[in-house]
Each structure stands twice: as C-alpha cells, then as structure tokens.
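The primary structure of each chain is shown beneath.
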Amino acid sequence: MAPAVCGTLLGLALYAGSVCAVSGAPLLYQDYCVIGAGPAGLQAAYFLQQAGRDYIVFERSHAPGSFFALYPRHRKLISINKQYTGKSNSEFNLRHDWNSLLSHDRRLLFRRYSRDFFPNADTMVRYLEDFASLLKLQVQYNTAIIHLFVGCCWDVGSQCEYVEGYETVSVNPEDFAGQTVLILGRGNSAFETAENILGVTNFIHMVSRSRVRLSWATHYVGDLRAINNGLLDTYQLKSLDGLLEGDLEDLAIVKDKKGKLHITLRFYLENRNISAGIDSITLPQDELDNFATRAPYDRVIRCLGWKFDFSIYNRSLRMMPGKGNIKKYPQIKPSYESKGTQGLFVLGTASHSVDFRKSAGGFIHGFRYTIRAVHRLLENRHHGVPWPSTVYPITHLTNSIIKRVNEASGLYQMFSVLADIILLRENATAFEYLEEYPIGVLAELEMQTGRKAGSGLFVIIMEYGRNFSGADKDVFYYNRAVGEAQHAWQSNFLHPVIYYYKSLPTEREMRLRPPDWPLPRPDAIHHIVEDFLTDWTAPNAHILPLRRFLENCLSTDLRNFFAESCFLFAFTHQKLPPSCQQGYVRMQGLVGSQELRHHAVQAGLLQDYTHTDFLGDRPPDSHDGSQEQLMRDHGIPVRPLQHLVNAKDEL
C-alpha cells in the first residue's frame, strides 16, 4: 500500500489547490484531492469530472465502497429502493430511491441492481464499483493518506475485555443458541444485531442512556427503522426481552468463576479490595434484590455507533469536534467548509453536523445533493462559473414553483436545508431560478453564486410542521391532517413553504432568527397545505392560494388572459397584467388549442360556436370560406368581466 501526503485537501473532504505526493514519487499538483472512494467521494469525483477539473481520488482499499464490504454486519441496508412509483419522471422517482448516486448514466440507477426494497450491502459494493469504472473516475486505490486523513471507527464505548464489538461479533445466529445476551446501545446497529439472534436466544436485554427514538415518529432516518424493531414487539408483548435506560459510563462488566457476566456499578469497583478477588465485588442485587439486570449474561455486545477520529489530523488544520449532540462530527460551516481551514470541505456522513437529527444530510439520498451544492460553490469560487440558473417571464412564476415542489428530489430529501431561490428582476417583469442552494449561507448568496438579488427574492423549502413530532407525542393522533387551504400554516406533514424577502437577509438577521426557524422572519410567508399524496396540484387548494400570495407580494396579476380580456383591460386599467404586456400588446396573443378554447367557453371568455351552423347546411368544421369571412359575418360579442371574480376561472 503506497502512502501519500496531501498538503491541502478535499476529502470525504474536498479542497482546491492541493499538492499530493505518493511516497517515492515526485510531487504532483492536483487542483482537487478527494479522500475516500465511498459514495460521497465518488459523487464528488463525478461532478469534478463532468466539469473537466483536475482531481484525484485516494482510496486506501483495493476497491471503492470498502465500508459497505464490512457494514452493516448482517448485510441488509435500511435505505429504500422503491421500484415503482406510478410515475415516469426520473427526478420524482429519486425521492424514493435512497441508494443511487447522481449521474447522467441511466444504467447507474440502483433499481437496476436490486429489486429488494431493503437491498443487500453486497449489492451496494458492486454498484459503487460500476459507478467508478463506467464513469471512468480518477481513483487511485491501495493508497493510504498520512499526515492528513479523514477517518472513523466504531466507538469503543465501555472498554472491557469481556465485551464484544459490533464490528467483530459473530453474525451466525447459531452461535447464540440458548444464550442470554446483553446489548449496549440503542441505535440501528444494536437492533440489527438483536434482530439477527432474536429467535435463538434465551432473552436479550438492551441498555442505553437514551430512549428509543423511532424514525417514523421523529422523521429522522437515522433513528430506529421499523425493519429492525422486532425486539420492541417481544418487549412490549412480554416475551422475556427488554429495554433499560442507564448511563453506560456508570456501569461495569465483571465475570464470575463460572464465566458468567454481570452488570455492576463502577462505584463498587472503585471501592473494592482488589486483593480479595471477584467475590469481593458488590453487585447491585446485593443491596436491591429485584434489580432489573440481576440475571447473569453469557455475552455482552457493544453497538454504540461510530465516532470521528480527530487524532489523525495535523494540528495546523484546526479540525475540531462539535459540541453537545454533534461532538462526534467535525465543526464545519453551513457551506460544509471546515471552520478551521479555508478550502477544506467535509462531505458525506461526516458532514451531518449541519443537519443532525433535522434532515438527511448524513445519508446517500441526502448528501448526493449537498455534494452537488458544494461543487457549485467551488465552481463559482475558483473558476468563475456562476450558480446555474434559468430566467423566465414573471407569468411563469406560479407554474415554476408548482413544478419544482412536485418533482424535485433535492428539496424533498434535504428539507429545511436546501432551498430553491427565485431572484426577481427589476420591476418584477422576470425572475431567475436557482435550484437547491444551502439556506444556511443565504446571506452570502451573491458572493457564493455570482448572482444578484437586488429586487427581492422568494425562498422555497420543504418543512414539517412544528408540532408533528416530539417527546411523548402521539404522531397518529386523531385529526392530525390539515386539508383546508386557510389552515395551511398548521400543516403537520412535509409541505412546501415560500418565504418572501424584499431584500437579501443579512448575516445578523440569520444569527438572530427565531428558534427552530430555518430562516429569518420574512416580509411574507406562505404554506402550501399538506397533501396526503404529496401532490400539490389541486387547483383550489394548492395553486390558487399560491398564486394569490405571489400576486400580493408583487402587486401584479399573474393570470394568463386571452386577447379579448386584454383588450378590455386596456380600456379599464392603467396597468395591464404581465401576460397582456408580454403577449397582447406585442401582438402575440395566446396560441389557441382545442383545450384552451374549451376552457375559454367554460369561463365565459368566448361564445361556444361548435354547435352553430353559421353557413347554412355546411358543417361547422367545413373549410369552405375563410376565417376572416366568418368573423365579418358573425361578430363575437364582448362579454362583461364577471369571470374575473370567479375563483374557478382564475387559474
């Protein structure tokens, strides 16, 4: 294995302007170094390659995805691989494909590799190998990084010679037949281990400091998934297995002369007579004879997750752990850049401190989008390539928002973290649409994207309701759903929220935003009411309230009008609606079709001539005679504007 040194780095992290060298070889300059050929490293490499950048990926193993070659130990992934959604839209389908990386190659959709709803980890290894080879990514294998490295390990937790680790314990259920097992931990690895041996043990006890958090109750995919929670059934239905809460730092494991393992308190160990031997150790049941874990165990298994190894960083990088419940992650900015070193970006699972327990940034279906966002930030910073955007006339505003909230996977998976930004042009005649920008750096938008926000902006994000989940909350409570548009702000399930700002929020406003708000208080805000089908296309419940909100913010009329209505507006209003300005006044009109004519008749905009025999015995669709002659002989009467006050006809 060849060791390598990177002076500055892009690794599970990403860095621009890197000097990289393999031991025994001359120094080579790379614009970007990527450390690790896991899903995050390969996704970053893909975007760099598509942009034609100079990069290299270093991987210590002989193949990509070495983590998935080992974990999860029992080989079943908990990431959804939904084969069918009833829709052909590829962007929408990615909402329910949690394993595919982003690429232009449709062969690299994960559903082509497995039909299992929860695939086998070996399939992920094969998928990542194909992703690297088919796309010809620049990966250098069998290369360990020294002096600067990104790494993780399984938390040693309660260090004890009698405790087996998740990373080494047997995965053969027969090895546990007729045994009594204690599991330390309460995450998916702990329950995965329990699920594997549930049917062969005497009983399983599980001890952890925290309570069980169920992902369907918290909306956090890192919490306990239903596929692994069989032990909850056997506990609640009184089939010997059980869950206990306790601080593991206060506990110790001791072994008696028969080889059985017992739980005791560290306090007892610190005060015992060492020379007296094992019999001198006080056990909790000596003082409390109904102590819950008084039964001896045959095996104790540690399943406490992973932690980031900060010791392998050079001090000059100032890579520091976070605080509180994110202390196992490195400190990074909302832009995913290290707080200690400019240009060092942390990607993938290690970047989860930005949205820990809030969104999906620690998982493939989330970080594939945050990596794309980081790539766009780097393209603007180092290569002068502005954030991709599309300019539309203002009359397309409502439809553009509706299309994105119904299709976009990045908004849907990275809710409250990534947002679409609509930058208004002067006089609100047009707008510029930017997709999936990190809202944590909204105040830096002009600098980070190369786009101007001088005339106001809309921010479109997806949010859960404030009261949908929480401690002791019954998420299945009666009348939990909101269906009326006027109560949309009380929506509990995931739904689109549109923030309107007359000017770009400042850094100070971002810092002082209300608790649990992803953004500062806007000048106006609109919730699109939650929908059971997550299909926000209902004309009256979804589209009409949104359009009226946008019109109020812009003080304009966003409806599309036929030329006849524009003609009347020209006589009765000082300012024409944008659709009339852009169409009728420029002699463009609205292109006709059978569907539009039918809608116009229903709305009272046009008279229905389809059943009128204008020319004697000839059928209405006869081609004898010109359309001009028809119009001269049968003038179209001008209807009053009653339709303009009918909600049905405003769409």
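Predicted, not measured: the structure shown is a model, and the values here were computed from it.

Trainee: What exactly am I supposed to notice about the overall build of the protein chain here?
Mentor: Secondary structure assignment for the protein chain yields 19 helices and 22 strands. Residues classed as buried in the protein chain amount to 50% of the 651 residues present. Summarising the internal contacts of the protein chain: among those between residues at least 6 apart in sequence, 64% fall at separations of at least 24. As displayed, the protein chain offers around 32200 Å² of accessible surface, 51% of which is attributable to carbon and sulfur atoms.

Trainee: Help me out: how do you make sense of the sheet that holds strand β8 (residues 163-165) in this one?
Mentor: Adjacent strands of a sheet pair through backbone hydrogen bonds, lying either parallel or antiparallel. Strand order in the open sheet formed by 5 strands is β8-β14-β9-β10-β11, and the pairing between neighbours is parallel. The sheet is open, and its two edges are formed by β8 and β11 (242-245), each paired on a single side. Going across the sheet, the axis of each strand differs from the next one's by a mean of 25 degrees, ignoring polarity. Direction of pairing for strand β9 (residues 180-184) relative to strand β10 (residues 203-208): parallel, over a ladder of 5 bridges. Bridge assignment links I183 to a residue of β10, and that residue is M206. Lying over the sheet, helix α5 (residues 188-197) contacts β9, β10, β11 and β14 (299-302), oriented at roughly 175 degrees with respect to β10.

Trainee: Help me understand the nonpolar core in this model?
Mentor: The tendency in soluble globular proteins is for nonpolar side chains to be buried as a group. Among the nonpolar cores identified, the biggest contains 77 residues, and L42, Y127, F131, I421, L442 and V459 are the most heavily contacted of them. In terms of residues, this core owes the most to one element, helix α10 (residues 364-383), which gives 8 residues. Two domains share this core, each providing at least three of its residues, namely domain 1 (32-150 + 308-367) and domain 3 (387-554). Residues in contact with L42, not counting those within four places in the same chain, are A37, P64, L101, L128, F131, A132, L137 and V139.

Trainee: Just to check I follow, could you spell out helix α4 (residues 121-134) for this structure?
Mentor: One turn of the α-helix equals 3.6 residues, which is why residues spaced by three or four share an orientation. Look at α4: 20 Å from first C-alpha to last across 14 residues, which is about the 20 Å you get at 1.5 Å a residue. Within α4, the full set of buried residues consists of A121, T123, M124, V125, Y127, L128, F131 and A132. Residues of α4 that are buried sit in contact with α1 (39-50), α2 (66-70) and α10. The distance from a side-chain oxygen at the start of α4 to the backbone nitrogen of D122 is 2.8 Å, and the residue carrying that oxygen is N120. A positive phi of about 55 degrees marks K136, the residue just after α4.

Trainee: I tried to follow the sheet that holds strand β19 (residues 430-438) on my own but got confused; where do I start?
Mentor: Taken in spatial order, the 6 strands of this open sheet run β17-β19-β18-β20-β21-β22, and their pairing is antiparallel. Among the strands making up the open sheet, the edge pair consists of β17 (389-393) and β22 (524-527). Across this sheet, the average inter-strand angle for adjacent strands is 20 degrees, counted without regard to direction. The strands touched by helix α11 (residues 397-407) are β17, β18 (418-424), β19, β20 (457-463) and β21 (495-501); relative to β19, the strand with the most contacts, the crossing angle is about 20 degrees. Against the sheet, helix α15 (residues 539-554) touches β18, β20, β21 and β22, its axis set at about 175 degrees to β22.

Trainee: For this particular structure, what's the right way to read the pattern of salt bridges?
Mentor: Pairs can form between side chains of opposite charge whenever their charged atoms are close. This model, assessed by the stated rule, comprises 18 salt bridges. Residue D298 pairs with K260 through a salt bridge whose shortest N-O separation is 2.5 Å. Of this pair, D298 sits in the loop between α9 (284-287) and β14 while K260 sits in the loop between β12 (251-255) and β13 (261-265); the two residues are 38 residues apart in sequence, bridging distant segments of the chain. In this structure K260 comes out as partly exposed when scored by relative accessible area, which is 29%. Here R425 and E432 are joined by a salt bridge, their closest N and O atoms 3.9 Å apart. Judged by relative accessible area, R425 falls into the partly exposed class, the value being 35%. Through salt bridges with shared partners, one network takes in R372, R404, D420, E435 and E436.

Trainee: Help me understand the packing of aromatic side chains in this model?
Mentor: When we look at a pair of aromatic rings, we describe it by the centre distance and by the angle of the planes. Counted under the stated rule, the structure contains 21 aromatic pairs. Judged by centre distance (6.3 Å) and plane angle (65 degrees), the rings of F458 and F549 are edge-to-face. Pair noted here: F458 is in strand β20 and F549 is in helix α15, with a separation of 91 residues, a long-range link. We note R299 situated over the ring of F176; from NZ or CZ to the ring centre the distance is 4.2 Å.

Trainee: Is there a simple way to explain the pairing of β19 in this structure?
Mentor: With 8 of 9 residues buried, β19 lies mostly within the body of the structure. Here β18 pairs with β19 via 6 bridges, running antiparallel. Its bridge partner lying in β19, L423 is registered against E432. In sequence, β18 turns back onto β19 through a hairpin of 5 residues, with N427 there showing a positive phi of about 65 degrees.

Trainee: Where do I start with unusual backbone geometry in this structure?
Mentor: Working note: non-glycine residues mostly have negative phi, and peptide bonds are mostly trans. With an omega dihedral of -5 degrees, the bond running from Y71 to P72 counts as a cis peptide bond. The topology assignment puts P72 in the loop between α2 and α3 (90-93). Residues other than glycine seldom take positive phi values, yet N427 does so here, at roughly 65 degrees. Relative to the elements of secondary structure, N427 occurs in the loop between β18 and β19. For N427, a relative accessible area of 65% gives the class exposed. Backbone geometry places T534, a non-glycine residue, at a positive phi of 45 degrees.

Trainee: Just to check I follow, could you spell out the confidence of the model for the protein chain for this structure?
Mentor: Any segment with low pLDDT has predicted coordinates that should not be analysed in fine detail. Scored by pLDDT, the protein chain comes out at a mean of 81, with 81% of its residues at no less than 70. Segment residues 1-11: pLDDT under 50, and 53 contacts once partners within four positions in sequence are set aside and those in other chains are kept. Residue range residues 149-159 is modelled with pLDDT below 50. Its contacts to residues more than four positions away, or to other chains, number 38 contacts.

Procedures and definitions
Residues numbered from 1 in each chain as written. Predicted model: local features only at pLDDT ≥ 70, side-chain atom pairs only at ≥ 80, totals over all residues. Heavy atoms only, no water. Helix = DSSP H or I, 4+ residues; strand = E, 2+ residues; numbered from the N terminus. Buried < 20%, exposed > 50% of the residue type's maximum accessible area, 1.4 Å probe, protein only. Contact = heavy atoms within 4.5 Å. Areas by Shrake-Rupley, 256 points an atom, 1.4 Å probe, with all protein chains shown as cover. Pairing = 2+ DSSP bridges. Axes fitted to C-alpha atoms, helices over the stretch in contact; angles between N-to-C directions. Core = buried A, V, L, I, M, F, W, Y, C linked by side-chain atoms within 4.5 Å. Domains from an automatic or database assignment. Expected span 1.5 Å × (residues − 1). Polar contact = N/O pair within 3.5 Å; in protein donor to acceptor, adjacent residues only side chain to side chain. Salt bridge = Lys/Arg side-chain N within 4 Å of Asp/Glu carboxyl O. Phe/Tyr/Trp six-rings, centres within 6.5 Å; stacked < 30°, edge-to-face > 60°. Lys NZ or Arg CZ within 6 Å of the ring centre and 35° of its normal. pLDDT = per-residue confidence, 0-100.

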